Amino acid sequence: MPLTPLDIHNKEFSKGFRGYDEDEVNEFLDQVIKDYEMVIREKKELEERLNEMSERVGHFNTIEETLNKSILVAQEAAEEVKRNAQKEAKLIIKEAEKNSDRIVNESLSKARKIAMEIEELKKQSKVFRTRFKMLIEAQLDLLNTDDWDHLLQYELDATELNALKEEDSLA
């Protein structure tokens, strides 16, 4: 067991012939007691500081562990978000591809329908043109007949003209 300042203070030495000077020994022992008390005090202070620092280190270790766990959780959450975003992007792309295929197919169908309508209109315009041409030719033939010349040569005598006028007035 280590010495205490009290042990040093209470220590008595036996006296011998030609021994040490008692005052000098007591003075030295007083100085040793003071120094020893100071060392003990410093030791206690250092132990207290060491305990404080150990507690702080423990606290910081706890914070570090918590931060590390939080970082891991955040990384896992980020990975999960990334995976979900990739899944959603794939679904969006698939949906867009389906829609684009549908739109292309609808457009092709409409284009075919319009092409068929154009062909039908071309046929109808040919028929109309042919009929119109035939009508004009028939009318031209009528104009070119000799009947017009006979009509212009036809003269009414005065008796016939009066009879016609009377018929008109009666009606």
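Here, every reference points to the structure presented above.
Residues numbered from 1 in each chain as written. Predicted model: local features only at pLDDT ≥ 70, side-chain atom pairs only at ≥ 80, totals over all residues. Heavy atoms only, no water.

Re the overall build of the protein
- Helix and strand content of the protein: 4 helices and 0 strands.
- Ordering the α and β elements of the protein from the N terminus gives α-α-α-α.
- For 171 residues, the compact-globule estimate of 2.2 N^0.38 gives 16 Å, and the C-alpha radius of gyration of the protein, at 66 Å, exceeds that figure by more than 25%.
- Dimensions of the protein, computed from C-alpha atoms along their principal axes, come out at roughly 205 × 40 × 25 Å.
- A burial count over the protein gives 2% of its 171 residues as buried.
- Within the structure as shown, the protein displays about 16800 Å² of accessible surface, and the carbon and sulfur contribution to it stands at 58%. (Helix = DSSP H or I, 4+ residues; strand = E, 2+ residues; numbered from the N terminus. Rg over C-alpha atoms; globule rule 2.2 N^0.38 Å. Buried < 20%, exposed > 50% of the residue type's maximum accessible area, 1.4 Å probe, protein only. Areas by Shrake-Rupley, 256 points an atom, 1.4 Å probe, with all protein chains shown as cover.)

So, a negative patch on the surface
- Together, D21, D23, E24, E27 and D30 give the surface a local cluster of negative charge.
- Considering the arrangement of structural elements, one finds E27 in helix 2 (residues 22-143). (Patch = residues over 30% accessible without salt bridge, like charges linked within 9 Å, V, L, I, M, F, W, Y side chains within 5 Å. Salt bridge = Lys/Arg side-chain N within 4 Å of Asp/Glu carboxyl O. Lys, Arg positive; Asp, Glu negative; His and termini not counted. Charge placed at Lys NZ, Arg CZ, Asp CG, Glu CD.)

Quick notes on the packing of aromatic side chains
- All told, the structure shown has 1 aromatic pair when counted by the stated rule.
- Between F128 and F132, the ring centres sit 5.8 Å apart and the planes meet at 5°, which makes this aromatic pair stacked. One end of the pair, F128, and the other, F132, are both in helix 2, 4 residues apart, so they sit about a helical turn from each other. (Phe/Tyr/Trp six-rings, centres within 6.5 Å; stacked < 30°, edge-to-face > 60°.)

Topic: a nonpolar patch on the surface
- Together, F60, I63, L67 and I71 line one region of the surface with nonpolar side chains, adding up to about 370 Å² of accessible area.
- Within the secondary structure, F60 is located in helix 2.

What to know about the pattern of salt bridges
- As enumerated under the stated definition, the model contains 4 salt bridges in all.
- K43 is the salt-bridge partner of E47, the closest N and O atoms lying 3.5 Å from each other. In this pair, E47 and K43 both sit in helix 2, 4 residues apart, roughly one turn of the helix.
- For E47, a relative accessible area of 38% corresponds to the partly exposed category.
- For the salt bridge of K122 with E119, the shortest nitrogen-to-oxygen distance reads 3.6 Å. With K122 and E119 both in helix 2 and 3 residues apart, the pair spans about one turn of that helix.
- Using a relative accessible area of 44% as the deciding quantity, one classes K122 as partly exposed.

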